[in-house]
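Survey of secondary and tertiary structure
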Amino acid sequence: MAEPSQGQLDTVMQERRVFPPSEEFAQRARIGSPAAYEELYARAKTDPASFWAELARAELHWFEPFRTALEWKEPFARWFVGGTTNVSYNCLDIHLEGPRRNKAALIWEGEPGDQRTLTYQQLHREVCLFANVLKNLGVKRGDVVSIYMPMVPELAIAMLACARIGAIHSVIFAGFSSEAIADRNNDAQAKVQLTADGGWRRGKILPLKETVDAALEKSPSVQKCVVLRRVGDVQEVSMREGRDYWWDELTAQAEAECPAEPLDSETPLFILYTSGSTGKPKGIMHTSAGYNLFAKKTFEWVFDRREEDVFWCTADCGWITGHSYIVYGPRSAGATAPMHEGAPNWPAEDRFWELVEKHRVNVLYTAPTAIRAFIKWGDHHVEKHDLSSLRLLGTVGEGINPEAWMWYHHKIGGGRCPIVDTWWQTETGGIMMSPLPGAIPTKPGSCTKPLPGVLPRIVDEEGREVDPNHGGWLVMAHPWPGMLRGIWGDEERFREVYWSKVPGHYLAGDNARRDSDGYYWIMGRIDDVINVSGHRLSTIEVESALVSHPNVAEAAAVGRPDELKGQAISVFVTLRNAEPNDALRDALRAHARQEIGALAVPDDIRFAAVLPKTRSGKIMRRLLRDIAAGKEAVGQDTTTLEDFSVLAALRSDEES
Ligand code: WT7
């Protein structure tokens, strides 16, 4: 596993600026001083299970109260044992009695300009209708429903409808290929597929149904497919008799009454696939009560929830950020959360600022990769709009470069909004480390401190805690309610990946350091996972996709620094029965797109005569990373075959 480089350490150690929240912000904040945070943190740390149990009793609705806060038999945690609850009930029904009933729950902005607002009451009705649609299709508790949809309200409705009846959703980001959908459907043994006739992206139509049709040819467990009309006449789709149904037709026949089912606390809520360090994506499994509580409380703490806020998370529901901070967190906290379909630069590069102004957004949660794009597009797009409604800003997905942080702070936040840099993972279910904005002074580039009830440590390979300012592995010393409960169908991999390296601790897979003020700085992954625009991709996944092309003998993929995406994908390939040329390069790009999806298309493809290897036969990834980053001069003509053997010989002792 890679150690953090001196360069990584230097960059983060040079940052000395500190930004406390304004007095005005702190005064109104839920947690408004360092002392209040320390007090809460210390209380939680003494007895994390009791701390969470107290919150669970107060914050969730229980049909049947739980008996035990936590049963922990490493690596298996069971939270709130013996209780029954329902996540959809906690997101909807609990708001129906009081004044929130007619509050906007979801404000949707579709790409072509269509809009829809659903109050809590209306959302509840739609969820009940669709839950009955699922039941009528034969979906039962524990069945897996695969969701491949654009960012439309029906996507959130479908997720909540699954939760209502105890079905498990598996949302697949709508940029994935039919191959990727089929892999996920087969792994999860999905029974029903939900999709749309198409989705909008930069004025073009994504042919979602066509992609699903190809996927379903290869996913025999899927018996039924429900298709939402989204693009209508513009895209003809074929409907297979007995398998495919129109969403609106089924909904029209469904009953509106659908009481939420009391479900055991540990009922699986969803599976979400993410890349690991091998080619096969991991089906991260989350369950009901613990995840629900964690999404709700982290949302309230980190985003300093106020009843009247408009909270906009710009993620897609195909990722964990959308699950926790568009659908479940804000909904259980009774918040108003917009949902946006389309790209940040369509119809123009001021799309986000137009929406912030229009909806008077108070809290904005986005990704560093988006911020870097905004900087590139120019300040004039921002300056055209009134952003004075904003009071708090957030980022997620990767570390934020201090320059981008400063730009976000000044240009978007007008210098008055705290920035919460939130560190977490698909596996953690919710935010683990982040400033509490009224309490913790921020430092650009640091996710600052753990949330109450979260116990991180930084250790060396022997599991010993390292001194301040030393890099090491980030681990968690105690289970938390939102933690993954397993990898779907693969207990061995679950143990191996997260629990085998440091006994008694969850291994996050990131390098980090803690400074002498107790602030955490994330320094990148310890495995072969790269982070492209805030999305995880394993280099082996990309390599396997390329090697499945008939002209590729061998492939090595590495990440290289990229100004906009954070990391770009660089691949080195050796060929068989083919000559290197641009046409082949295009064909390989198209092949990667087809095998995984647009997010896996390599940014550079370089042909090599042989790949550099160590004496033990391992590909010299560090050398390739340096070459990809331009640190080693090799042939610049990118279509010629490169010979790395000399460089490899020079470096082989160092790498092996
Ligand atoms: C990996 C998790 C959590 C939702 C989005 C990504 C990196 C995430 C930060 C941050 C530095 C970060 C880590 C982590 N990461 N947030 N604030 N600072 N790095 O979820 O796809 O599960 O990826 O993203 O490397 O392990 P994910």
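See above for the structure.
On a predicted model such as this, the values are computed, not experimentally measured, just so you know. Positions within a chain are numbered from 1, following the residues in the order the chain's sequence is written. Selection of residues for local features in this predicted model requires a pLDDT of at least 70, selection of side-chain atom pairs for listing and counting requires 80 or more, and totals for whole chains, interfaces and linings are taken over all residues. The basis for the side-chain values is all heavy atoms of the structure; hydrogens and waters are excluded.

Before going further, it helps to spend a moment on the overall build of the protein chain. Helix and strand labels come from DSSP, where a helix needs a run of H or I of at least four residues and a strand needs a run of E of at least two; each type is numbered from the N terminus. Along the protein chain, the regular secondary structure elements total 21 helices and 31 strands. Note that the radius of gyration is over C-alpha atoms, with the globule rule given as 2.2 Å times the number of residues to the power 0.38. Against the compact-globule benchmark of 26 Å for 656 residues, the protein chain has a radius of gyration of 24 Å, which places it among compact chains. Taken along the three principal axes of its C-alpha coordinates, the protein chain extends 75 × 65 × 55 Å. In the protein chain, the share of contacts with a sequence separation of at least 24, taken over all contacts with a separation of at least 6, comes to 72%. Computed with the Shrake-Rupley method and a 1.4 Å probe, the accessible areas treat only the protein chains shown as cover for residues. Total accessible area on the protein chain is roughly 24,600 Å²; 49% of this is exposed by carbon and sulfur atoms. In the protein chain, which carries 74 positive and 90 negative side-chain charges, the distance between the mean positions of the two groups comes to 2 Å. In this description, contact between two residues means that some pair of their heavy atoms is separated by no more than 4.5 Å. Under the counting rule used here, the positive set is Lys and Arg, the negative set is Asp and Glu, and His together with the chain ends is not counted. Positions of charges follow a simple convention, taking NZ of Lys, CZ of Arg, CG of Asp or CD of Glu.

This paragraph deals with the packing of aromatic side chains. Any two rings among Phe, Tyr and Trp, with Trp reduced to its six-membered ring, count as a pair given centres within 6.5 Å; such a pair is stacked if its planes are under 30 degrees apart, edge-to-face if over 60, and tilted if neither. Under the defined criterion, the tally for this structure stands at 38 aromatic pairs. An angle of 55° between the planes, with centres 5.5 Å apart, marks the rings of W79 and F80 as tilted. When sorted by exposure, W79 lands in the same class as F80, which is buried. Between the aromatic rings of F173 and F176, the centroid separation amounts to 6.3 Å while the plane-to-plane angle is 85°, which identifies the pairing as edge-to-face. Burial here depends on accessible area, computed with a 1.4 Å probe over protein chains only, as a share of the maximum for the residue type. Under 20% is buried, over 50% is exposed, and the range in between is partly exposed.

Quick look at the pattern of salt bridges now. Within this document, salt bridges are pairs made up of a side-chain nitrogen of Lys or Arg and a carboxyl oxygen of Asp or Glu, the two lying within 4 Å of each other. Inspection of the entire model under this criterion finds 59 salt bridges. Notably, a salt bridge pairs E38 with K449, separated by 3.7 Å at the nearest N-O pair. Taken together, the residues E38 in helix α3 (residues 34-46) and K449 in the loop between β20 (419-422) and β21 (456-459) connect sequence positions 411 residues apart. Note on K449: relative accessible area 15%, which makes it buried. Salt-bridge contacts for E496 lead to K501; the nearest nitrogen and oxygen are separated by 3.6 Å. Beyond isolated ion pairs, a larger network of salt bridges with shared partners links R30, E59, R100, K103, K296, K297, E300, R305 and E307.

Note that the residue after E74, namely P75, is joined by a cis bond; omega there is 0°. Tracing the backbone shows P75 in the loop between β1 (68-73) and β2 (76-81). Put simply, W346 and P347 share a cis peptide bond, and its omega is 0°. In this structure, P347 sits in the loop between β17 (337-340) and α13 (351-359). Here the phi dihedral of F80 falls at roughly 55°; this positive angle occurs in a residue that is not glycine. Inspection of the secondary structure assignment puts F80 in strand β2. Classification of F80 by relative accessible area gives buried; the value is 0%. Although it is not a glycine, N577 sits at a positive phi angle of roughly 50°. Along the chain, N577 falls in the loop between β29 (566-575) and α19 (582-595).

Only heavy atoms are used to decide nearness, and a residue is near a molecule or strand if one of them lies within 4 Å of it. For the ligand, the set of nearby residues contains 17 residues, the closest of which are D421, T422, T426, D510 and R536. We call two N or O atoms a polar contact when they sit within 3.5 Å, provided that within protein one can donate a hydrogen and the other can accept it, with sequence-adjacent residues counted only if both atoms are side-chain atoms. Side-chain polar atom of Q425 to an oxygen atom of the ligand: 3.0 Å apart, as the coordinates give it. The side chain of D510 places a nitrogen or oxygen atom 2.8 Å from an oxygen atom of the ligand. In isolation the ligand offers 550 Å² of accessible surface; the protein chains occlude 93% of this area. For this classification, Asp, Glu, Lys and Arg are treated as charged, while Ala, Val, Leu, Ile, Met, Phe, Trp, Tyr, Cys and Pro are nonpolar and the rest, including Gly, are polar. Partitioned by chemical class, the residues of the shell around the ligand number five nonpolar, seven polar and five charged.

So, about the environment of K224. In this structure, K224 sits in strand β11 (residues 224-228). Of the residues examined, K224 reaches a relative accessible area of 22% and is grouped as partly exposed. Measuring from C-alpha to C-alpha, the distance between K224 and G415 comes to 52 Å, with 191 residues separating the pair along the chain. In this structure K224 touches L137, K191, V192, Q193, G242, R243 and Y245, once residues within four positions along its chain are discounted.

This next bit is on the packing of helix α14 (residues 368-377) against helix α16 (residues 402-412). At a closest axis distance of 10 Å, the pairing of α14 and α16 adopts a crossing angle of 70°. Taken together, the axes of α14 and α16 lie roughly perpendicular to each other. Contact residues: I371, R372, F374 and I375 in α14; A404, W407 and Y408 in α16. Classifying every residue of the contact of α14 with α16 gives six nonpolar, no polar and one charged. Fitted lines through C-alpha atoms give the axes, limited to the stretch in contact for helices. The angle between two N-to-C directions lies from 0 to 180 degrees. For this classification, under 35 degrees means roughly parallel, over 145 means roughly antiparallel, 65 to 115 means roughly perpendicular, and everything else is oblique.

Across the sheet, eight strands lie side by side as β12-β11-β8-β6-β7-β14-β15-β23; this open sheet has mixed pairing. One side of each edge strand has no neighbouring strand; the edge strands of this open sheet are β12 (244-246) and β23 (486-487). Pairing analysis gives three bridges linking β11 to β12, with the strands arranged parallel. Note that in β12 the partner of V226 across the bridge is Y245. Along the sheet, helix α8 (residues 178-188) makes contact with β6 (144-148), β8 (192-196) and β14 (268-274), crossing β14 at roughly 140°. Strand pairing is assigned whenever DSSP detects at least two bridges linking the two strands.

The subject of this paragraph is the side chain of H549. Take H549: it is sitting in the loop between α18 (539-547) and β28 (552-562). For H549, a relative accessible area of 10% gives the class buried. Residues in contact with H549, not counting those within four places in the same chain, are R576, L584, A587, L588 and H591.

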